[in-house]
Each structure stands twice: as C-alpha cells, then as structure tokens.
Amino acid sequence: MTTTAADQASVPGPGRDTTGTNSRQTAPEPVDENVWLEDIYGEEQLAWVKEQNSRTEDLLEGSGYDELEAGILEVLDSTDRIAMVGKRGDWYYNFWRDQQNPKGLWRRTTWESYCTDSPEWDVLLDVDELSRAEGDEWVFHGATFLRPAAGEPYRLALLALSPDGGDANRYREFDVEARGFVDHARGGFDLPTAKGNVSWLDADTLLVASTADGLPKTASSYARTAVTLKRGESLASAPRLFEVPEDHMMAMAAHDSTPGFERTFAVDYIDFFNRTNFVLRDGSWVQIDVPTDVNVSAHRDWLLFRPQQDWALDGTTYPSGALLAANFEDYLAGSRDLTVLFTPDAHTSLQSWSWTRNFLLLNLLKDVSSEIRVLDPSRPSGNTDGGWAATLLDACPPLHDVNAYAVDDEDEAPADGGAGDDFWLIATGFTTPTTLMRGTLEPGNLEPGSAGTSGVVSRHAVVKTSPSFFADDDYEVEQHFAVSDDGTRVPYFQVAPRGLALDGQNPTQLSGYGGFEVSRTPAYSGAVGRAWLERRTTVSDGSDGKAPHSRGGVYVVANIRGGGEYGPAWHRAALKENRHRAYEDFAAVARDLISRGVTSPRRLGCVGGSNGGLLVGNMLTRYPELFRAVSCGVPLLDMRRYTKLSAGHSWIAEYGDPDDPEQWEYIRTFSPYHLLKDAVEYPETFIWTATSDDRVGPVQARKMAARMLAMGIPNVWFHEALEGGHAGASDNRQAAALQARSQHFLWKALAG
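Residues numbered from 1 in each chain as written. Predicted model: local features only at pLDDT ≥ 70, side-chain atom pairs only at ≥ 80, totals over all residues. Heavy atoms only, no water.

A. Highlighting the pattern of salt bridges. Summed over all chains, the structure comprises 42 salt bridges. Residues R498 and E476 are paired through a salt bridge, measuring 3.8 Å at the closest nitrogen-oxygen approach. With R498 in the loop between strand 35 (489-497) and strand 36 (508-511) and E476 in strand 34 (residues 475-483), this residue pair connects regions lying 22 residues apart in the sequence. Salt bridges linked by common partners bring E29, D32, E38, D638, R640, R641, K644, D659 and K703 together as one network. (Salt bridge = Lys/Arg side-chain N within 4 Å of Asp/Glu carboxyl O. Helix = DSSP H or I, 4+ residues; strand = E, 2+ residues; numbered from the N terminus.)

Written out as structure tokens, the structure is:
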C-alpha cells in the first residue's frame, strides 16, 4: 500500500539538520515515493510522461474530440479577431498568430491603415521563419524600444525570445528599419537565455538583471544582481549596479527616459508583496522611504503610492487599497504632504491605473463590475478631501470588464497635435465580444455657475469589434452571492442558457483562482462558448423517470478570497494560515449552485490552473462529495516541497514556509498531495502540465497523478505538453489542444 498520510514516518530532506547543531528546526518531510519524478528531463521520467500522455490521448481524443479541438482552433486562428496594437512613434505595433503563422508575426502599420477593415501590415519579424532558420522553437515575448533622439524615429528594440515558452528569455537587438537583428559581432546586444529583465539606459548601454553567465540567482531562481552592460561587454565582466540578498525574490533595474524626467530606478523584491524602491542620485542609490508593502510608481512630477495594508503616516492612517500622490522631488526631500486620489469602500476597489500625458485613469471594480474615473492633477476636486478633479467615464455597462490605458503618454498633448492624452478602452463581457475604443481627454469647465461639463471631458469611439463565435444572445449572465462558512458573501458569475431549468441536471463548470490579488472578471471566450455552453447532453425522452431534457453547459466564475476583486484586504483574508477561507468560499459557491437547482454533485465539475490548480486540488481532496470531475492544470500540489521546485520559493509570502514546523502545521492542511486517503470516492481527475514550465514546473502534477494511480483511484488522467511554458501552450494549435482536452474531459464526466 502506498504511504500517503502527512503524519507518516519522515525522511531527512534538503536543509534538514540531523545533528542537532542547527539553531533553526526544520519541519520533517513526509515519505515521498515519487521524488524520482522531480528530474524534469530524465530519460526514465519522460518515458513515464509519454506513457501517461498516450493513455490520456486514447481516452480523450475520440467521440467528438477532433471536432471540438478544430472549433476552438478556428476561434484562436480567426483573422476577424482584433489585432491589438501598441504605439511607438508614428507606428502601431502588433504581434499576430494564425493558422499560416503559428509562431507569429511581429508587424506594424499606420493609424490610418489600422482603422480600415484590412490594414496593410509591415512585417518586421516572422517567428516561424526565424525558428526554421535557427533550429530553435522560438516563442515571442515582446519588444522594448530605445527612445530615439528628438525628431528621430523609433528604430532599435530588444526582442525577448523564449526557446521553449518558459519564463527565461534571450534578448536580441533588432533594427526595425533594417528588418533584422543587429549582428552581435558588430556590437549588437545578444543576451544569453535566462530569467531577468532588461532596460535601455542609452543607445550603447543596458541595465540588465539576469542569471546568465554565472551571475548569481536568488533562492527563487530569479536574478540577484543588476549590471550596467556596454556594447561589446559580457555580462560576467559588466560592473555590478545593484544587488539583493539571496533569500529575497529578485532584483530589478530600469531607466525612465521621459525627457526632462530621466531617472534610474532599482527594486529589491523581498517577496511577492514586499519591496524596497531606490532612485539613483549622483551615483548613489537613494531609498524611497515607504513601508515595504506600499507599491510605488513614478510619472513625471508625481509619485503614486498604493498601500497593501493600512499605512500610518504623520498622524494620518491611509487605508489599504487607497491611492495617494506626492510631488516626486518634495517627497524625496522629506515632505509627507500626500493627496488622496482614491479611497476604497466595501464594494469598490482599485485594480490598476494609467497615466496619459496630463491625466490619470483609474480602473476600478464595484462588486466585480468595472468603473473608470479620470483625474486631472492640475485642478483640485473642490471637495474637502483635497483630491484632484475627477470624472466618471461613461463606458462601463453592468457585469462587464472595461479597462482604460494610455495610447502614448510621452507624445505631445492634443492641443499640440499629439496623442499624449489619448486612451484605449477595451470592453468585454461573458456574452459580449471584445470591443476596442479610442478616446481623448481634455480639461472640463470648472468655472462657478458654468453650464459646461466639469472635471475632465472624454470623447471616445469604437475602433474595432471582435466577431461572435457562438450564439451569445441565447445566454444570460447573472451575478449571485454565496455565503461562506464565516458568513462572508462571495460573488460569482453564472453564464447559462436563457430559461435555465433549475432541476439540478445542468452540466456546470466552476472556475476560480483565489490568490496573489488576481481578479477574475467577465471576459468573452469563444472557446468556452463553443466547447461548453453550446454542447448538448444526449436527449432524454423521459423513460428514465426524469423530465425529458437535452442540456447545454453552464459556466461559472467564482470571485473567492485570495483574489483582488475587493482589493488587498480580500487578498490578505486568505493568506497563509487563512488559506482555508479561499477553499471554503469556493465550496460555498458549489453548494449555492446545488441548492439553487442549477446543478448537482453528479453534474458539477471544477477547473483551475497554477494557484487555481491548488484550489481545485483542495476541492478534490477536501470536498470530493461536491464534484463529479476536477480539471487541474499546471498546479501546485506538493506544498511540503513547493519551495524547492522551480520558482516556488518566491511564493512563501502567499502560502507560508513549509520548512518552518509551525507553518507546516497549517500548510499541510491544504497540501493535496498529502491529503489523499484510502477508501475515499474521489471525483474523476485530469491533471495537466508542461515540461517547459519553469515557474511552477511539471513535477507536482506528475507526483500527484503517480500517487493517485498507485493508490488505485479510478479515472485519473495525466497529460504533459512537452513545450509551452507555464501557459501550457506556445501557439494556437497547442492552446486549442490543451483547452479541448480539459473541456472534453469535463463534458464526458458531467454530461453522460
């Protein structure tokens, strides 16, 4: 019999003191018969993976699977979807994948051409062609441009290319006018593949944080140092600019090249939620004096602060999730005169913000529906709060996600013929295809007694709209609230056919995340529409004693604690020893769906990836009676060893440190790998991952599947993509296959 219980006999683990000389006691490690699977690229281990892949493909890839995958791929490859762009200089850049270009094209066009139905694209890099020529399976991860001299066009960029879709990138200098890489032999930058970040300091100098060429790593596997790299120099010989302790998460350095506001910054990421910020002054680093859990950002004259916990400063307490502003130079000189720009309440949270040249856009959620405010720092609000003049943007229908961000905050203002105060609006909903709009902001009329609009004037218009990929008018979106074990109201979205029969017979897919202050908001998915909502169960004629029916799927998204839907407090409510609240919230949503008659345990399945994989792993092991099927992707599951695998050490601030005996006592209660028990009827389980995932890694998924199979638990399936990184897919074909397997598995389990 396989040993599974967390309190069984233990073996010494890495770092465990067996001599009694170590002052820090380390929690014992439970017996782990599957440690051998932690060798990611070992021959025997990959043979096991391929055997499981073959077994799973034999099960899933039949009885309508091919048609399902083809339908999803048609959505992902559609040439009618919106080609989102980013502006640099006079050009609008886009990265595009489709059937003919599975690895993608990096391209650009003019605004006039972009506004037509068939833009004329200037292709700069064909990644498929590059991969064929170089024999590497390159995955494009973005471009960072060098700011040109005044009056000159943007020309040089650093392209981030991953050889396998993982987080490690090779940075190569590219000349968009020459349409090619700058030859390394002639001084072109070409940085070895590694985790890290890169920023232009000037035309001949980069700021690089990297783990390549022997540069040290943190315990989280990220860059520990940042260097100043000149053309022709190697990383190993480049002078060190900034360094963080090994047990911190990572180092970062970046240069702000905004004319008149040039500054070099460095950040010591202590952990996921704590950091120390520095600015370079006269060759020395000057710390920006704030608590480590206050997020800091700079724009021209301004410093913005968003505290993660209540911040007491000079007799005033600023609540967590607020947004505050100070003059940059005044704050560094010692002034603590802060202006409150946003204060959260029980229903409203700040999700993000974006500066145009002269205005500040705030993207908010109000009970998980979008709200956007525009602030003018040049004008006081006229209220007693001393804030900036603010206007609500009329662009947010209920139960939708709408986000606003600047088109090009470094361009001239509209009055000078530029796009500096232009903004993008991207709107989407579960049954509303994505719409791209563009607008312009201008100061309103604040004169007393004037008839004009006060605050900020906004004008925006639709630029492009995505097509419908399923009969979205046949479905309706509702928001409901479940009550968790401690009485907390937990919102969730339900997408279902109109006139839904509440008899418990509807195949229902429940999705969630609940971690790292990530919010799950409404979003249109043609793949979910086709692969779940529009599928139909076998028609019943009533001969089985039940009412005749043929049902489509119901799709549900839960906004549980641990996420960011209600700001930092909602996130902190499920940290570390309070992690159970996220799982209680998700289970409460499941029970609410059952009690309302939407579904039943026989028809209910759940799906989650990464931290969401840990979530559904806890549904599998702690609440098996609620679900018929669990789809668990790129997951954390072994919470005793997660800090020793891939980038897991960086998440101690979220989950706790399992090497600490006191913390292991609560971590073990949500470690699915250690919660498996004999004689339990578990839901059907599909665990999927990717070999090249260098963030969570494939190891925990492998070990969980291996243990369940060894225990004789029926209907356990495993699949590991050999490339694709943490996303599990690096092109549309792989993405379609990944989604089709998960959706087909759930449908077979729930609709039969």
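What follows picks up the thread again.
B. Structural context of helix 2 (residues 65-77). Between its terminal C-alpha atoms helix 2 stretches 18 Å, which fits the 18 Å expected from 13 residues at 1.5 Å a residue. The complete set of buried residues in helix 2 reads Y65, L68, G71, I72, V75, L76 and D77. Packing partners of the buried residues in helix 2 comprise helix 1 (43-60), helix 6 (526-533) and helix 14 (732-751). (Expected span 1.5 Å × (residues − 1). Buried < 20%, exposed > 50% of the residue type's maximum accessible area, 1.4 Å probe, protein only. Contact = heavy atoms within 4.5 Å.)

C. Structural context of the pairing of strand 17 (residues 263-269). Taking burial as the measure, the seven residues of strand 17 include seven buried ones, the bulk of the element. Burial along strand 17 is two-sided: R263, F265, V267 and Y269 facing one way and T264, A266 and D268 facing the other are all buried. Pairing analysis gives seven bridges linking strand 16 (residues 250-256) to strand 17, with the strands arranged antiparallel. In the strand pairing of strand 17, A251 is matched with D268. Joining the antiparallel neighbours strand 16 and strand 17 is a turn of six residues, in which G260 adopts a positive phi near 90 degrees. Sheet analysis places strand 17 next to strand 18 (residues 275-281), joined by five bridges and oriented antiparallel. Each bridged residue has a counterpart across the sheet, and for V267 the counterpart in strand 18 is N277. (Pairing = 2+ DSSP bridges.)

D. Highlighting the pairing of strand 9 (residues 169-175). Within strand 9, six of the seven residues are buried, leaving the element largely enclosed by the surrounding structure. Bridge count for strand 8 (residues 156-162) against strand 9 is six bridges, and the pairing is antiparallel. Its bridge partner being in strand 9, L158 is matched across the sheet by E173. The pairing of strand 9 with strand 11 (residues 190-194) spans three bridges and is antiparallel. Pairing of N169 across the sheet is with A194, part of strand 11.

E. Spatial organisation of the sheet that holds strand 39 (residues 629-633). An order of 34-35-37-36-38-39-40-41 is seen for the eight strands of this open sheet, with the pairing classed as mixed. Each edge of the open sheet carries a strand with a single partner, namely strand 34 and strand 41 (716-721). The mean inter-strand angle of the sheet, taken between neighbouring strand axes irrespective of direction, is 20 degrees. Where strand 39 and strand 40 (residues 684-690) come together, five bridges link them in parallel fashion. Within strand 40, the position partnered with C632 by the bridge is I687. Relative to strand 37 (residues 554-558), helix 6 is tilted by about 130 degrees, and along the sheet it contacts strand 34, strand 35, strand 36 and strand 37. (Axes fitted to C-alpha atoms, helices over the stretch in contact; angles between N-to-C directions.)

F. The arrangement of the environment of D411 in detail. Along the chain, D411 turns up in the loop between strand 30 (401-406) and strand 31 (422-429). Contact partners of D411, with chain neighbours within four places excluded, come to K87, R357, G418, A419 and G420.

G. The arrangement of the nonpolar core in detail. Counting 71 residues, the largest nonpolar core has L510, F586, V589, F627 and Y655 as its most contacted members. When residues of this core are assigned to their parent elements, the largest contribution, eight residues, is made by helix 8 (residues 580-595). Contacts of F586, omitting those with residues within four sequence positions, involve L510, S511, G512, A558, I560, C606, L615, M619 and F627. V528, V557, V607 and A629 belong to the second-largest nonpolar core, a separate cluster that totals 31 residues. (Core = buried A, V, L, I, M, F, W, Y, C linked by side-chain atoms within 4.5 Å.)

H. Molecular detail of the side chain of R702. Among the secondary structure elements, R702 is positioned in helix 13 (residues 699-710). A distance of 2.8 Å separates polar atoms of two side chains, one belonging to R702 and the other to E720. Look past the residues within four positions of R702 in its chain and what remains in contact with it is L37, D39, I40, Q45, L46, W48, V49, T691, F718 and E720. (Polar contact = N/O pair within 3.5 Å; in protein donor to acceptor, adjacent residues only side chain to side chain.)

I. Region of the structure containing the state of the cysteines. Within this structure, the stated rule accounts for zero disulfides. Of the cysteine sulfurs around C606, a residue in no disulfide, the closest is that of C632, at 8.6 Å. For C606, a relative accessible area of 0% puts it in the buried group. With a relative accessible area of 3%, C632 lands in the buried category. (Disulfide = S-S within 2.5 Å.)

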